[in-house]
Amino acid sequence: MKDGFDNEKYLKIQSEHIKERIAQFGDKLYLEFGGKLFDDYHASRVLPGFQPDSKLRMLMQLADMAEIVIVISAVDIEKNKIRGDLGITYDQDVLRLRDEFQNRGLMVGSVVITHYTGQESAKAFRNKLKKMNIKAYYHYTIPGYPSNVALIDSDEGYGKNDYIETSRPLVVVTAPGPGSGKMATCLSQLYHENKRGIKAGYAKFETFPIWNLPLKHPVNLAYEAATVDLNDVNMIDPFHLEAYGKTTVNYNRDIEIYPVLDAIFKGIYGENPYKSPTDMGVNMAGLCIYDDAACCEASNQEIIRRYYTALNQYANELCSEEEIHKLELLMQQAKITTDYRRTTVAAKEKASLTGEISSAIELKDGTIITAHTSDLLGTSAALILNAAKHLAGIDHEVKLIPTEMIEPIQKTKVTYLKGNNPRLHTDEVLVALSMLSPTNGNCRKALEQLPKFNGCQVHATVMLSEVDRKIFKKLGVELTCEPVSKKPKSFLTGIGI
């Protein structure tokens, strides 16, 4: 667990490259920001050293000339799509993003609802935005998109969309997540600006896939794993190969849309300044990796985490079996199995030895700590105590929380609150430690170790409760779980296990 990405170099060369692209065009530049503008935890996981707010920090340097347009798909509103890293819906995240941007002195001009076909939930969200004095626009689905260029580049295609009123030369188009329609929003605006005699340009700031890494590099495979529900596939950019004779990596949606962009640019300028989808991008991340092995390790871990997440969703009927098979193929391409994740192996071994639900954590120095359920503690609570004692140098046999303190809590949970599980969860254990810490030095030392959990890997042999998952998330722990909901007699032998 070590860094492999130079974040300061990235900030410097990335901001310089964006400024060069702004200068390339005339009146206005629409800059599509792919991924997360801040809270980009996927990038920070697969490129250790990358800071989650790096792109935001760059944008703040251009605050005086920039405004932000937030895009959300009506389809995502309709199905209450959740941001997996934050646990909130996309429409809630639009409002959160707006507040975050404005609190940092950035102007948010409007919200665009894309893929609109009359969804009632989208109408309700637009009305909500209007009541908050937020400008909101509709962009419609276009039959035959993206192949029907003649229709797309017409008054019945992009021309049917609402024109987004903007006031600054740099318009940053972002969204809560992928597949929201950011590029189509930019291209629609190019069409409308041209109708109004405004010379506008387009560029794309997408961290992944990284164009100058190999197609099957773990960092790029991890991106495919992260977007498996969108059917995104990394591809060699055929337009770039033809134009320059050089192999670069892009993804299918950008390659599919390139002929549309080519036609629109030719309509505006008479020629297209970009010879390939790769040319459209401004991403410099691949030039800032200084330890490839560290990034490969981090990316392989991410692929396995995504696989376990899909298995858990499948067990809860929240994803398709097809998504799981796609992730299995990605693991094969990366030449890894779930056993590559050391905590997975350790947790299963502990369960086999004890016959109990078990878990394991890998600390920053590579040490593996395990735990299992007991009459008093759930496996997650026991794991936190065991790991904290190890980090604090406290003997494993020392009981941080006395039994006479745990038993009354259990009585309250079962007798008064009518619960079925008397064992303490992680939050209850941490509260107990906090209460004891003023008078118990060991408890105080154990609590002081919690910041060291950030970035550690944990695996459990069952799907943990929501309480335990949230605590691990707050501690910065990367968690995976076997896709079973109760103590198993044997582990799944079906899909991927």
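Residues numbered from 1 in each chain as written. Predicted model: local features only at pLDDT ≥ 70, side-chain atom pairs only at ≥ 80, totals over all residues. Heavy atoms only, no water.

Draft legend 1. View of the overall build of the protein chain. A tally of regular secondary structure across the protein chain gives 20 helices and 14 strands. Its C-alpha atoms give the protein chain a radius of gyration of 25 Å, near enough to 23 Å, the size a compact globule of 497 residues would have. Each principal axis of the C-alpha distribution contributes one length, and for the protein chain these read about 80 × 50 × 40 Å. Going through the 497 residues of the protein chain one by one, you find that 54% of them count as buried. (Helix = DSSP H or I, 4+ residues; strand = E, 2+ residues; numbered from the N terminus. Rg over C-alpha atoms; globule rule 2.2 N^0.38 Å. Buried < 20%, exposed > 50% of the residue type's maximum accessible area, 1.4 Å probe, protein only.)

Draft legend 2. Geometry of the layout of surface pockets. There is about 430 Å³ of room inside the second largest pocket. Surrounding the second largest pocket, 19 residues form its lining, Leu377, Ala382, Asn386, Lys389 and Lys399 being those nearest its centre. Residue assignment for the lining of the second largest pocket shows that the elements contributing at least two residues are strand 12 (368-372), helix 16 (379-392) and helix 17 (403-416). With four residues, helix 16 is the single largest residue contributor to the lining of the second largest pocket. A breakdown of the residues in the lining of the second largest pocket according to their chemical character gives nine nonpolar, six polar and four charged. (1 Å grid on protein atoms, 1.4 Å probe; cavity = no way out; pocket = protein on both sides within 12 Å on 5 of 7 lines; lining within 4 Å. Points joined across faces, edges and corners; volume = space filled by probe spheres on them. Nonpolar A, V, L, I, M, F, W, Y, C, P; charged D, E, K, R; others polar.)

Draft legend 3. Just unusual backbone geometry, in detail. Cis geometry is found at the peptide bond from Phe208 to Pro209, where omega equals -10°. With respect to the secondary-structure elements, Pro209 resides in the loop between strand 8 (200-205) and helix 9 (218-226). Its identity is not glycine, yet His115 carries a phi of approximately 55°, on the positive side. Topologically, His115 is positioned in strand 5 (residues 107-116).

Draft legend 4. Layout of the nonpolar core. Leu47, Phe101, Leu187 and Leu190 are the most contacted members of the largest nonpolar core, which totals 101 residues. In terms of residue count, the dominant contributor to this core is helix 13 (residues 292-315) (seven residues). Residues within four places of Leu47 in sequence aside, it is in contact with Phe5, Phe208, Ile210, Val219, Ile289 and Cys295. In terms of nonpolar packing, the next biggest core, distinct from the first, is built from 42 residues, Ile384, Leu436, Cys456 and Cys481 among them. (Core = buried A, V, L, I, M, F, W, Y, C linked by side-chain atoms within 4.5 Å. Contact = heavy atoms within 4.5 Å.)

Draft legend 5. Up close: the packing of aromatic side chains. Under the defined criterion, the tally for this structure stands at twelve aromatic pairs. Arranged with centres 5.6 Å apart and planes meeting at 55°, the rings of Phe5 and Phe50 form a pair that is tilted. Taken as a pair, Phe5 in the segment before helix 1 (7-24) and Phe50 in the loop between helix 2 (41-46) and helix 3 (54-60) lie far apart in primary sequence, 45 residues in all. Geometrically, the ring pair formed by Phe208 and Tyr223 is stacked, given 6.3 Å between the ring centres and 20° between the ring planes. On the criterion of sequence distance, the pair formed by Phe208 in the loop between strand 8 and helix 9 and Tyr223 in helix 9 is long-range, its members being 15 residues apart. An identical accessibility class is assigned to Phe208 and Tyr223; each is buried. Each member of the aromatic cluster is reached from another via a ring pair, and the members are Phe5, Tyr10 and Phe50. For the cation-ring pair, Arg126 lies above Tyr138, with the distance from its terminal atom to the ring centre recorded as 4.2 Å. (Phe/Tyr/Trp six-rings, centres within 6.5 Å; stacked < 30°, edge-to-face > 60°. Lys NZ or Arg CZ within 6 Å of the ring centre and 35° of its normal.)

Draft legend 6. Broad picture of empty space enclosed by the protein. With the rule as written, the count across this model stands at one cavity of 30 Å³ or more. If you add up the space inside the largest cavity, you get close to 40 Å³. If you trace the largest cavity, you find it lined by Gly35, Lys36, Leu37, Phe38, Arg83, Leu97, Phe101, Thr174, Ala175 and Pro176. For the lining of the largest cavity, the residue count by class is six nonpolar, two polar and two charged.

Draft legend 7. Fine view of the packing of helix 9 against helix 13. Between helix 9 and helix 13, the shortest axis-to-axis distance is 8 Å and the interhelical angle comes to 20°. The orientation of helix 9 relative to helix 13 falls into the category roughly parallel. Viewed along their axes, helix 9 and helix 13 form a crossing whose handedness is left-handed. Here Pro218, Val219, Leu221, Ala222, Ala225 and Ala226 of helix 9 lie close against helix 13, whose contacting residues are Cys295, Cys296, Ser299, Asn300, Glu302, Ile303 and Arg306. Split by residue class, the contact of helix 9 with helix 13 holds nine nonpolar, two polar and two charged. (Axes fitted to C-alpha atoms, helices over the stretch in contact; angles between N-to-C directions. Parallel < 35°, antiparallel > 145°, perpendicular 65-115°, else oblique. Left-handed = near helix turned anticlockwise from the far one by under 90°.)

Draft legend 8. The arrangement of the pairing of strand 6 (residues 136-140) in detail. Most of strand 6 is tucked away, with four of its five residues classed as buried. Read as a crossover between parallel neighbours, the route from strand 5 over helix 6 (residues 120-131) to strand 6 is right-handed. (Right-handed = clockwise from strand over helix to strand, strands pointing away.)

Draft legend 9. Local environment of the confidence of the model for the protein chain. Looking at the protein chain, pLDDT values average 91 and 97% of them are 70 or higher. Counting contacts from residues 488-497, a segment whose pLDDT is below 50, to residues more than four positions away or on other chains yields 23 contacts. (pLDDT = per-residue confidence, 0-100.)

Draft legend 10. Expanded view of the pattern of salt bridges. Counted by the stated rule, this structure contains 25 salt bridges. As a salt-bridge pair, Lys204 and Asp254 come within 3.5 Å of each other at their nearest N and O atoms. You can see Lys204 sitting in strand 8 and its partner Asp254 sitting in helix 11 (residues 252-269), a full 50 residues away along the chain. Each member of the pair, Lys204 as well as Asp254, is classed as buried. Residues joined in a network through salt bridges with shared partners are Arg45, Glu302, Arg305, Arg306 and Glu478. (Salt bridge = Lys/Arg side-chain N within 4 Å of Asp/Glu carboxyl O.)

Draft legend 11. Highlighting the environment of Tyr10. Its location among the elements puts Tyr10 in helix 1. In this structure the C-alpha to C-alpha distance between Tyr10 and Leu287, which are 277 residues apart in sequence, comes to 7.9 Å.

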